[in-house]
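This is what each chain is made of:
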Amino acid sequence: FSINNTNNAGIDGNTFNPTLVAPGSYAITYTVNTGGACASSITQNVVVNGAPAASFVLADSTCSQDSPIALTGTPAGGVFSGPGVFAGNFDPTLSGTGAITITYTVSVPDSVCPGVATETIQVNPAPVVSLTGLASTYCLNSDVVTLAGTPALGTYSGPGVTGGTFDPA
């Protein structure tokens, strides 16, 4: 194989990779030499079209219970796709957890090829939280209740709560 530019750019073995060359017209030639004095070749011209530079910014991580994140791509007018993408937003409650890849595809006038950008966001699972030891009703003169929640690194809040206790009074 050969190509009509220096160093056979875009050619690796028997593969032509158009992402490795600039937009333009290229002649791809295949030559066979059977070991004798005879050789034969065929040339095909190909056109590599450019694509618009698509981009968007996405946070590195979010939590599975967080609110949807508005998605904005450049140039405007493209379409977002991927798990949890809905109506121009990324909703981590719909995406599942782990590394989630979002794609932005945009086409512009005078461009045959679409621009494509991808970003990955880590969606971390929300911890499973429990609060034990509380009754559903108390009298105002009831004793102070020590609160017990898991996992242990949480904070307690609400009326009558001080530190890790609840005082019905």
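Residues numbered from 1 in each chain as written. Predicted model: local features only at pLDDT ≥ 70, side-chain atom pairs only at ≥ 80, totals over all residues. Heavy atoms only, no water.

## Some remarks on the pairing of strand E5 (residues 39-48)
The condition is simple: For each residue, the accessible area found with a 1.4 Å probe, counting protein chains only, is set against the maximum for its type, and the residue is called buried under 20%, exposed over 50%, and partly exposed in between. To qualify as a helix, a DSSP run of H or I must reach at least 4 residues; to qualify as a strand, a run of E must reach at least 2; elements of each kind are numbered from the N terminus. Whether two strands pair comes down to DSSP finding at least two bridges between them.
Little of E5 sits inside the fold, with one of its ten residues counted as buried. Relative to E5, strand E4 (residues 24-33) is paired through ten bridges, and the arrangement is antiparallel. Within E5, the position partnered with Thr 29 by the bridge is Thr 43. The turn linking E4 back onto E5 is made up of five residues, and Gly 35 within it adopts a positive phi angle of 100°.

## Focus on unusual backbone geometry
Going from Thr 74 to Pro 75, the amide bond is cis rather than trans, its omega being -10°. Considering the arrangement of structural elements, one finds Pro 75 in the loop between strand E9 (73-74) and strand E10 (79-81). Residues Thr 150 and Pro 151 are joined by a peptide bond in cis, for which omega reads -5°. Within the element layout of this structure, Pro 151 appears in the loop between strand E17 (148-150) and strand E18 (161-162). Located in the positive-phi region is Ala 87, a residue other than glycine, with phi close to 55°. On the basis of relative accessibility, which here comes to 64%, the residue Ala 87 falls in the exposed class.

## Here we look at the packing of aromatic side chains
Threshold: By convention, a stacked pair of Phe, Tyr or Trp rings (six-membered ring in the case of Trp) has centres within 6.5 Å and planes under 30 degrees apart, an edge-to-face pair has planes over 60 apart, and any other such pair is tilted.
The tally for this structure, following the rule as stated, stands at four aromatic pairs. Their ring planes at 85° and their centres at 5.1 Å tell us that Phe 56 and Phe 80 sit as a pair that is edge-to-face. Taken together, the residues Phe 56 in strand E6 (residues 55-56) and Phe 80 in strand E10 connect sequence positions 24 residues apart. Of the two residues examined, Phe 56 and Phe 80, each falls in the buried class. Here the aromatic rings of Phe 80 and Tyr 104 are separated by 4.5 Å at their centres, their planes lie at 35°, and the arrangement is tilted.

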